[in-house]
Amino acid sequence: MEIYLDANATTAVLPQARAAALAAMADGFGNPSSSHTSGLRARALLDGVRASTRRVLGAGGGQLLFTSGATEGIQTAVLSALASLRARDADADAGPAPTLLLYGATEHKAVPEALRHWNALLGLRLQVLAIPVGRDGRHDLNWLRAHAPRAGLVCTMAANNETGVISDLDGIAEALAGSPALWMVDSVQALGKLALRLADTRIDYAPFSGHKAGAPKGIGVLYVRAGAPLTPLLAGGGQEGALRSGTENMPGIAAFGAVVAAIEEGRLFADRDTLGAWRERLSAALQDVFPGLVFNAPAQVSLPTTLNFSVPGYGSTQLLDLFDAAGIRVSGGSACSAARAEPSHVLDAMGLPAWQAVSAIRLSFSPMSDAGFIEQACERIRSCAESLRRHGHGAAVDGLHAAPLTLQTAADLETTPINGDLQTGAVTDASTCEVSPAALHALLLACPATRLVDVREPFEAVLGGELVGLPRLPASQRQQVPLSELSQALDGWLALPADSPVVFFCRSGQRSAKAAVALRRLGHAQAWSLAGGLALWPAVGPAQAAPPDRAALPS
Ligand code: PLP
């Protein structure tokens, strides 16, 4: 069973939300703008969801617009604030014009990108500045207090998606006292986890995204304080009071309504103390496996559903590979940047040592979890210890590996760009080295001398993952050569006949692509990488998924 611990990236859809979406697509498919009975029913659903969302968010007399998600809510908020600043510029009696747009240094990328985009597009030329944060990830309120008088818009988040750090919203409000600035609070990670009474605050805009709390992707809500400027991002048929045109996403809204109803009712969402106790259990399991582990954010000011940690001696990709092989889904930093091995800008902004910022792992669970799931997760985490020990990683496991991480843990190859020949400047495109599962199956039938090389680390390989359903190969043609040891095996493959295929595979296809490119650069043209790796290997085997196809043979 998969242990999904990446809830800050997205959550599974709550069964009630799924049922509500299906109902809105079956009998309740009406368009809420239609005046016949089908339309009226859809309108009643829409109004009902807006009313329950208003109660749950404490939105009072503010506007609640259904959007496609937080990114759209953020654009609408930023556009609205900047359009009002532009209008103010044109008003000679409005007093000194604000010159700054401020955002927390640990904001989700959507915020600074939206600020820069609309600032340029509207020709405002305001200075966009990051509000520094302290080692605990919280905003520097003295800095904010000093800059607030010149700010036109201030963007802070309710809780951080990577670390779970909860912002001091009362402190921010106090620092903004007397400032003309509008205030956006990205509340994505707060829904279902923190109590919100939006209308009791001076917050002007609060975007939410349904898929972080049990609704499907593609539905969100934007709260706009009564009286705050609002400029439609989408103009058209006049839906949402002409503030957000486009036929409403009724299946998404129905599902969001089911989530909001569950939050209101409270039963499915564990309370803060219970969540805190679960986080403790997960922390203890992680510390059992990695005694040298350090947590990257203080638990007392973080969401009780999020842990961010680094392990001396391990890079984040190495740990991700290990956890993924054990069926545990976690992420390195935020999901949006997971494909790139870059240091986390969040941990960087907090002033953590570089090794922590590049090797961080985020573990996050849904407040809709239960005690049984948390126990299974702890057991699964502990199961990683045994495989690490058996495969020579005892030093790290026993906490002896106190030296800061050297990024070469998985050899220089890990950091070598896939494309581009370092020696000759010739480009080898990794995608030209790829074989699909069907092509690999066909290749083994056509060329029984093919070598199949597993480039995962042994501690990962032992946790599972097999290329099921392939023709059997003699043991001499199945090799296990971790990418970190590839250089020692290259001569053996270079000595093979030129037409002998060598196919590398790993968990995701990333490391095998590097191996195939390296072998090709050295002159063996028949070097291949299994596209998508074990992650995309068909559970029933490629022949069952699609019959072997000679036309699929790599060329
Ligand atoms: N803000 C925060 C804090 C987030 O975690 C996310 C998603 O990762 C977003 C904004 C963007 O949300 P969406 O991609 O659903 O629009």
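This text follows the structure it describes.
The following refers to the structure shown. What you see is a predicted model; the values in this text were computed from it and never measured.

### What to know about the pairing of strand S2 (residues 63–67)
Part 1 of the reasoning: Of all five residues in S2, four are buried; the element is thus mostly enclosed.
Part 2 of the reasoning: Sheet topology note: the S2/strand S8 (residues 220–224) ladder contains five bridges and is antiparallel. By the bridge assignment for S8, glutamine 63 is matched with valine 224.

### Quick notes on unusual backbone geometry
Part 1 of the reasoning: Positive phi values are uncommon outside glycine, yet arginine 125 reaches one of about 55°.
Part 2 of the reasoning: At glutamate 240, a residue that is not glycine, the phi angle is positive and equals roughly 50°.
Part 3 of the reasoning: On the secondary structure map, glutamate 240 appears in the loop between S8 and helix H7 (250–265).
Part 4 of the reasoning: The class for glutamate 240 is buried, based on a relative accessible area of 10%.

### Some words on helix H4 (residues 110–121)
Part 1 of the reasoning: Counted at 1.5 Å a residue, the expected span for H4 with its twelve residues is 16 Å, and the 16 Å between its end C-alpha atoms agrees.
Part 2 of the reasoning: Once H4 finishes, glycine 123 follows within two positions and takes phi at roughly 65°, a positive value.

### Some details on the pattern of salt bridges
Part 1 of the reasoning: Applying the stated criterion across every chain, the model contains 18 salt bridges.
Part 2 of the reasoning: Glutamate 174 is paired through a salt bridge with arginine 145; the nearest N and O atoms lie 2.9 Å apart. Note that glutamate 174 is positioned in helix H6 (residues 169–175) and arginine 145 in helix H5 (residues 141–147), a separation of 29 residues in sequence.
Part 3 of the reasoning: The class for arginine 145 is partly exposed, based on a relative accessible area of 35%.
Part 4 of the reasoning: Across the pair aspartate 321 and arginine 507 runs a salt bridge, and its minimum N-O distance is 2.7 Å. Here aspartate 321, found in helix H9 (residues 316–325), pairs with arginine 507, found in the loop between strand S16 (502–505) and helix H17 (510–521); they are 186 residues apart in sequence, far enough to count as distant.
Part 5 of the reasoning: Each of Glu2, Asp321, Asp324, Arg329, Glu460, Arg507 and Arg511 takes part in salt bridges that share partners, so that together they form one network.

### Details of the site of the ligand
Part 1 of the reasoning: Around the ligand, the neighbouring residues are Gly69, Ala70, Thr71, His108, Met157, Asn161, Asp186, Val188, Gln189, Ser209, His211 and Lys212.
Part 2 of the reasoning: Interatomic distance of 2.9 Å between a side-chain N/O atom of glutamine 189 and an oxygen atom of the ligand.
Part 3 of the reasoning: Serine 209 places a side-chain nitrogen or oxygen 2.6 Å from an oxygen atom of the ligand.
Part 4 of the reasoning: Surface burial for the ligand is 87%, taken as the share of its 400 Å² of free accessible area covered by protein chains.
Part 5 of the reasoning: The residue makeup of the shell around the ligand, split by class, is three nonpolar, seven polar and two charged.

### Focus: the nonpolar core
Part 1 of the reasoning: If you look at the biggest cluster of nonpolar residues, it comprises 54 residues, and the most contacted ones within it are Leu57, Phe66, Leu102, Leu144, Val154, Phe208 and Phe256.
Part 2 of the reasoning: No other element matches the nine residues that H7 contributes to this core.
Part 3 of the reasoning: Apart from the residues within four sequence positions on either side, leucine 102 is in contact with Leu115, Leu129, Ile131, Trp143, Leu144, His147, Ala151, Leu153, Val154 and Cys155.
Part 4 of the reasoning: Formed by 34 residues, the second largest nonpolar core is a distinct cluster that contains Trp278, Ile361, Phe373 and Ile381.

### Considerations on the packing of helix H16 (residues 486–494) against H17
Part 1 of the reasoning: At a closest axis distance of 11 Å, the pairing of H16 and H17 adopts a crossing angle of 50°. In terms of axis orientation, H16 runs oblique to H17. Both H16 and H17 take part in a crossing whose hand is right-handed. For the pair H16 and H17, contact is made by Leu486, Leu490, Trp493 and Leu494 and by Ala515, Ala518 and Leu519, respectively.
Part 2 of the reasoning: Its residues assigned to classes, the contact of H16 with H17 shows seven nonpolar, no polar and no charged.

How each quantity is defined
- Note on numbering: residues in each chain are counted from 1, in written sequence order.
- For this predicted model, a pLDDT threshold of at least 70 governs which residues receive local features, and a threshold of 80 or more governs which side-chain atom pairs are given and counted, while totals over whole chains, interfaces and linings are taken from all residues.
- Only hydrogens and water are set aside; all other atoms, that is, all heavy atoms of the structure, feed into the side-chain values.
- Think of it in three bands: with a 1.4 Å probe and only protein chains considered, a residue is buried below 20% of the maximum accessible area for its type, exposed above 50%, and partly exposed in between.
- Numbering of helices and strands runs from the N terminus, with a helix taken as a DSSP run of H or I at least four residues long and a strand as a DSSP run of E at least two residues long.
- DSSP-based pairing: two strands are paired if at least 2 bridges between them are found.
- The span you would expect from a helix comes to 1.5 Å times its residue count less one.
- Any carboxyl oxygen of Asp or Glu that lies within 4 Å of a side-chain nitrogen of Lys or Arg is treated as forming a salt bridge with it.
- By convention in this text, a residue qualifies as near a molecule or strand provided that one of its non-hydrogen atoms is within 4 Å of it.
- By the criterion applied in these results, polar contacts are pairs of N or O atoms within 3.5 Å in which, for protein atoms, one can donate a hydrogen and the other can accept it, and in which residues neighboring in sequence qualify only through two side-chain atoms.
- Here the open area of atoms and residues is found with the Shrake-Rupley method and a 1.4 Å probe, where only the protein chains shown may cover a residue.
- Each residue gets one of three labels, nonpolar for Ala, Val, Leu, Ile, Met, Phe, Trp, Tyr, Cys and Pro, charged for Asp, Glu, Lys and Arg, and polar for the others, Gly among them.
- Here, nonpolar core refers to any group of buried Ala, Val, Leu, Ile, Met, Phe, Trp, Tyr and Cys residues whose side-chain atoms link them within 4.5 Å.
- Whether two residues are in contact is decided by their heavy atoms, any of which lying within 4.5 Å being enough.
- Inter-axis angles, ranging from 0 to 180 degrees, are taken between N-to-C directions of lines fitted to C-alpha atoms, where helices are fitted over the stretch in contact.
- Any angle that falls under 35 degrees is termed roughly parallel, while one over 145 is termed roughly antiparallel, one within 65 to 115 roughly perpendicular, and all others oblique.
- Each crossing gets its hand from how the near helix is turned against the far one by less than a right angle, where anticlockwise is left-handed and clockwise is right-handed.

Just geometry here; none of it tells us what the structure is for.
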